[in-house]
Amino acid sequence: MLLTDLLVDADEFATRTGWSVKPQGACKAEVCVPLPDDVRAPDGRLDASVIAGRLGMSLIRHDDQTLWALGPETAVTGRALTTAVAPDLTLPDVEGRPFTLSSLRGQKVVMVAWASW
Amino acid sequence: MWQELRTELHPRGVEIVTVALDVDAEQARPSIEAASADHPSLIDEAHVLDELFGVVNVPNAVWIDEDGVIVRPAEPAHPGRNPVTDSFKTMDLDTLPPDLAEVLREAQKIRTEPELYVAMIRDWAANGAASQYALTPDQVIARSRPRDLDGSAAAAHFELGQHLHRNGDHAAAIPHWREAHRLDPDNWTYRRNAWNFESPTSQSRTDAYDSSWFEDVKKIGAENYYPPLVP
């Protein structure tokens, strides 16, 4: 997830990473990781470095600019998947129209990654 | 390539979603328009699928059941014979320039398992959760690829690189992509995407990277390029 500020909007964080911040901590489906109280700034945004530490996400800064990227979590399972529940991903088609994976509930889905290269 | 299977299986409750891991969506457009598919054809410029689902090469696929639960994590996914790799197998390599012949000799060893993979999907379509190929949540997590802090950092570097590239600073992307390659050497999508910008199609060695498709494939042996399916 790209960041231009180390304080992150909680909804944007949830959309991009699949982790929602709830009273019991950061949760992805059935998995919750407790967070310290100071994870939230007074304006409600989340401290990315605190979250990164708890979830085992690498936080990488680009040179001296105000641009960072937060990698995916490693702390719970040490594997690419923390839970078998699919994250609710929204991606655009080639015309830029968004498509949300959960709109296919009720069908079996084979999601195929390919590339032109 | 997936439309044929979609036509067969959509009446039986299976939808196909293809996702192009192209940093530049326009590079995927010709294939998408030629396929003119009935299924959703999406673009993932930031390789979110690597992060969220553990995709490491293409083609890779993930199965998601009717309730939104993953029942097979990312694995090689060939829906049929690949005309490109099949054509390597019948070429007379002695008639080609030696350097090209060397690449193709290695590429001939690439192994795909389209018959098994399609049989697995058909079985799941017919039997749902009772299919032997639909895994339990614990199996799905255990079979997803291992990830440590280096792997997480590689994803972050890849995303920084694609952001800088898309904003017109390709030179600034290269050091981040080099880092992504170093930190997650088993991820082919980061490397193939980066090589392709410097050396389209052949993904040969350039000054930008200390590697190339051929050198890296040869290191592991092309027969290991796609790991065998574990039904």
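Computed from a predicted model, the values in this text were never measured in an experiment. (Residues numbered from 1 in each chain as written. Chains lettered and ligands numbered in written order. Predicted model: local features only at pLDDT ≥ 70, side-chain atom pairs only at ≥ 80, totals over all residues.)

A. Just the overall build of chain A, in detail. A tally of regular secondary structure across chain A gives two helices and eleven strands. Moving toward the C terminus, one meets the helices and strands of chain A in the order β-β-α-β-β-β-β-α-β-β-β-β-β. C-alpha atoms of chain A, sized along the principal axes, occupy 40 × 35 × 30 Å. Taking the intrachain contacts of chain A between residues at least 6 apart in sequence as the baseline, contacts between residues at least 24 apart amount to 38%. (Helix = DSSP H or I, 4+ residues; strand = E, 2+ residues; numbered from the N terminus. Contact = placed C-beta atoms within 7 Å.)

B. Structural view of the overall build of chain B. Within chain B, the secondary structure is distributed over eleven helices and four strands. Here chain B has a C-alpha radius of gyration of 18 Å; the compact-globule value for 231 residues is 17 Å, and the two agree. C-alpha extents for chain B along the principal axes are approximately 50 × 45 × 35 Å. Out of the 231 residues belonging to chain B, those deemed buried represent 42%. For chain B, the proportion of contacts with a sequence separation of at least 24, taken over those separated by at least 6, is 54%. (Rg over C-alpha atoms; globule rule 2.2 N^0.38 Å. Buried ≥ 20, exposed ≤ 12 C-beta atoms within 10 Å, placed from the backbone.)

C. View of the pairing of strand β4 (residues 25-28) of chain A. Residue and element names in this part refer to chain A. With three bridges connecting them, strand β3 (residues 20-22) and β4 associate as antiparallel partners. Bridge pairing in β4 links Ser 20 to Cys 27. Linking β3 back to β4 in an antiparallel pair, the connection comprises two residues. In this structure, β4 lies alongside strand β5 (residues 31-33), joined through three bridges in antiparallel fashion. In the strand pairing of β5, Cys 27 is matched with Cys 32. Remark: two residues form the turn of the hairpin made by β4 and β5, two consecutive strands paired antiparallel; Ala 29 in that turn has positive phi of roughly 50°. (Pairing = 2+ DSSP bridges.)

D. Representation of helix α8 (residues 149-166) of chain B. Compared with an ideal rise of 1.5 Å per residue, which puts 18 residues at 26 Å, α8(B) spans 26 Å between its outermost C-alpha atoms and is within 8% of the ideal. Burial of α8(B) is extensive: 15 of the 18 residues sit out of reach of the surface. (Expected span 1.5 Å × (residues − 1).)

E. Quick look at unusual backbone geometry. With an omega of -5°, the peptide bond running from B:Val58 to B:Pro59 counts as cis. The residue A:Ala29 is not glycine, and still its phi comes out positive at about 50°. On the secondary structure map, A:Ala29 appears in the loop between β4 and β5. Notably, B:His47 is not glycine yet its phi reads approximately 55°, a positive angle. Relative to the elements of secondary structure, B:His47 occurs in the loop between β2 (41-43) and α3 (48-53).

F. Main features of the interface of chain B and chain A. Listed by partner, the interface residues are 67 residues for chain B and 43 residues for chain A. If one sorts the elements of the side of chain B that touches chain A by residue count, α8(B) sits on top with ten residues. Looking at the side of chain B that touches chain A residue by residue, the class counts come to 40 nonpolar, 15 polar and twelve charged. Pairing analysis gives five bridges linking strand β11 (residues 108-114) of chain A to strand β3 (residues 60-64) of chain B, with the strands arranged antiparallel. (Nonpolar A, V, L, I, M, F, W, Y, C, P; charged D, E, K, R; others polar.)

G. Just the confidence of the model for chain B, in detail. Confidence along chain B averages 94 in pLDDT terms, with 100% of residues attaining 70 or more. Across the whole predicted complex the pTM is 0.95, and at the interface the ipTM reaches 0.97. (pLDDT = per-residue confidence, 0-100.)

H. Geometry of the sheet that holds strand β7 (residues 59-61) of chain A. Residues and elements named next belong to chain A. What the three strands build is an open sheet, ordered β1-β8-β7; its pairing is antiparallel. Strands at the two margins of the open sheet, each flanked by one partner only, are β1 (2-3) and β7. Where β7 and strand β8 (residues 68-70) come together, three bridges link them in antiparallel fashion. Bridging from a neighbouring strand, Ile 60 pairs with Ala 69 of β8. The strands touched by helix α2 (residues 48-55) are β1, β7 and β8; relative to β7, the strand with the most contacts, the crossing angle is about 135°. (Axes fitted to C-alpha atoms, helices over the stretch in contact; angles between N-to-C directions.)

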